[in-house]
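Listed here are the chains, written in short residue letters.
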Amino acid sequence: MPTALKATLLLCALAAAAAAQGDAAPGLAVSGFEWRYEGYAPFEVVRSEKTAESVRTARGTDYVFKYASRLTVKNSGPKAFKSIEWAHVFSDPETGKELKRYRLQAKGRVAAGEAMTVSKAVFVKPGESTSHLRAGRQRVEVTRVEYEDGTAWRAAGPEGRKP
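Per chain, residue numbering runs from 1 following the sequence as it is written. Residue-level local features of this predicted model are given only where pLDDT is at least 70; pairs of side-chain atoms are given and counted only at 80 or more, and the full residue set underlies all totals for whole chains, interfaces and linings. Where side-chain values are given, they derive from all heavy atoms of the structure, hydrogens and water being excluded.

Caption draft 1: Highlighting the packing of aromatic side chains. When the centres of two rings from Phe, Tyr and Trp lie within 6.5 Å, Trp using its six-membered ring, the rings pair. Their planes under 30 degrees apart give stacked, over 60 give edge-to-face, and anything left gives tilted. Inspection of every chain in the model, using the stated rule, returns seven aromatic pairs. Ring geometry for Trp35 versus Phe90: centroids 5.2 Å apart, planes at 85 degrees, classification edge-to-face. Here Trp35, found in strand β1 (residues 28–50), pairs with Phe90, found in strand β3 (residues 81–91); they are 55 residues apart in sequence, far enough to count as distant. Phe90 matches Trp35 in its accessibility class, with the two residues each being buried. Judged by centre distance (6.2 Å) and plane angle (85 degrees), the rings of Phe90 and Tyr102 are edge-to-face. Taken together, the residues Phe90 in strand β3 and Tyr102 in strand β4 (residues 98–110) connect sequence positions twelve residues apart. The exposure classification of Phe90 matches that of Tyr102, with both residues buried. In this description a helix means any DSSP run of H or I spanning at least four residues, a strand means any run of E spanning at least two, and both kinds are numbered starting from the N terminus. Each residue gets one of three labels from its accessible area relative to the maximum for its type: buried under 20%, exposed over 50%, partly exposed in between, using a 1.4 Å probe on protein chains only.

Structure follows, in structure tokens:
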């Protein structure tokens, strides 16, 4: 692999990691993130039909698109995490306008000095627009971290207010 290509790939990886960190919680470092298509998933639906004489309901199964948002974090602080909340954000690459934001939470213990990849499934209905998945630039924002001792950190939202 040519040296210029290796350098470009390294710069892209570093830029993605830097974009992922943003205003991170103390002791939390985001080393990577990923959005991946994982096929279809069934879900149960209840359909009802009301007429003048009766109400009829029927259970059925529909299918949705299944994606996974993965976030790799390292705890460099003194306290263990028990829950991490993040937003997987898709933005227009030209204007920077936000196209879609998915708010996610994963529970799992991340002890001091440890790294962990957390994942959350995201389901999208077939009729929903997915153009942001193809055209959007991705980033993640850690919005809340809950520590094992019961304390929590929350990111400041727009205009300095809490989200």
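Caption draft 2: View of the sheet that holds strand β2 (residues 55–75). For two strands to be treated as a pair, DSSP must find no fewer than two bridges joining them. As summarised here, the arrangement of the three strands in space is β1-β2-β5, forming an open sheet in which the pairing is antiparallel. Looking at which strands have only one partner, the edges of the open sheet turn out to be β1 and β5 (115–124). Taken over all neighbouring pairs, the strand axes of this sheet differ in orientation by 15 degrees on average, direction set aside. One ladder, built from 20 bridges, connects β1 with β2; its direction is antiparallel. If you follow Val46 over to β2, its bridge partner there is Arg59. Here the axes come from fitting lines to C-alpha atoms, over the contacting stretch only for helices, and the angles between their N-to-C directions go from 0 to 180 degrees.

Caption draft 3: A look at the environment of His88. Note that His88 resides in strand β3. Residue classification places His88 among the buried residues on the basis of a relative accessible area of 0%. For the pair formed by His88 and Arg103, sequence separation is 15 residues and the distance between their alpha carbons is 6.6 Å. Whether two residues are in contact is decided by their heavy atoms: any pair within 4.5 Å suffices. Dropping the residues within four chain positions of it, His88 is found in contact with Phe33, Glu34, Trp35, Ser69, Lys100, Arg101, Tyr102, Leu104, Gln138, Arg139 and Val140. In protein, a polar contact means a hydrogen-donor-capable atom and an acceptor-capable atom, both N or O and within 3.5 Å, with residues adjacent in sequence counting only if both atoms are side-chain atoms; elsewhere, any N or O pair within 3.5 Å suffices. Engagement of the side chain of His88 in a polar contact is seen with the side chain of Ser69, the distance being 2.8 Å.

Caption draft 4: Spotlight on a nonpolar patch on the surface. Together, Tyr37, Tyr40 and Tyr63 make up an exposed nonpolar region whose accessible area comes to about 380 Å². On the basis of relative accessibility, which here comes to 55%, the residue Tyr40 falls in the exposed class. A patch is a set of surface residues, each over 30% in relative accessible area and not in a salt bridge, joined within 9 Å for like charges and within 5 Å for the nonpolar side chains Val, Leu, Ile, Met, Phe, Trp and Tyr. Note on areas: Shrake-Rupley, 1.4 Å probe, and residue coverage restricted to the protein chains presented here. Any carboxyl oxygen of Asp or Glu within 4 Å of a side-chain nitrogen of Lys or Arg constitutes a salt bridge here.

Caption draft 5: Examining the confidence of the model for the chain more closely. pLDDT gives the predictor's per-residue confidence on a scale running from 0 to 100. Of all residues in the chain, 82% have pLDDT values of 70 or greater, and the mean over the chain is 82. Contacts for the low-pLDDT stretch residues 3–22, under 50 throughout, to residues beyond four places or in other chains number eleven contacts.

Caption draft 6: Here's a closer look at the environment of Ala155. Residue placement: Ala155 occurs in the segment after β7 (152–154). In this structure, the C-alpha to C-alpha distance between Ala155 and Thr143, residues twelve residues apart in sequence, is 4.9 Å.

Caption draft 7: Layout of the pattern of salt bridges. Tallied over the entire structure, the rule returns 13 salt bridges. For Arg59, the salt bridge is made with Glu44, and the minimal N-O distance between the two is 2.6 Å. In this pair, Arg59 is assigned in strand β2 and Glu44 in strand β1, connecting sequence segments 15 residues apart. Glu44 carries the same exposure label as Arg59, and that label is exposed.

Caption draft 8: Expanded view of the nonpolar core. By nonpolar core we mean a set of buried residues, namely Ala, Val, Leu, Ile, Met, Phe, Trp, Tyr and Cys, connected to one another through side-chain atoms within 4.5 Å. Grouped together as the largest cluster of nonpolar side chains are 25 residues, with contacts concentrated most on Leu71, Trp86, Val142 and Val145. Listed by contribution, the elements that provide at least two residues to this core are β1, β2, β3, β4, β5 and β6 (137–147). The residues contacting Val145, other than those within four sequence positions of it, are Ala25, Leu28, Phe81, Ser83, Thr151, Ala152 and Trp153.

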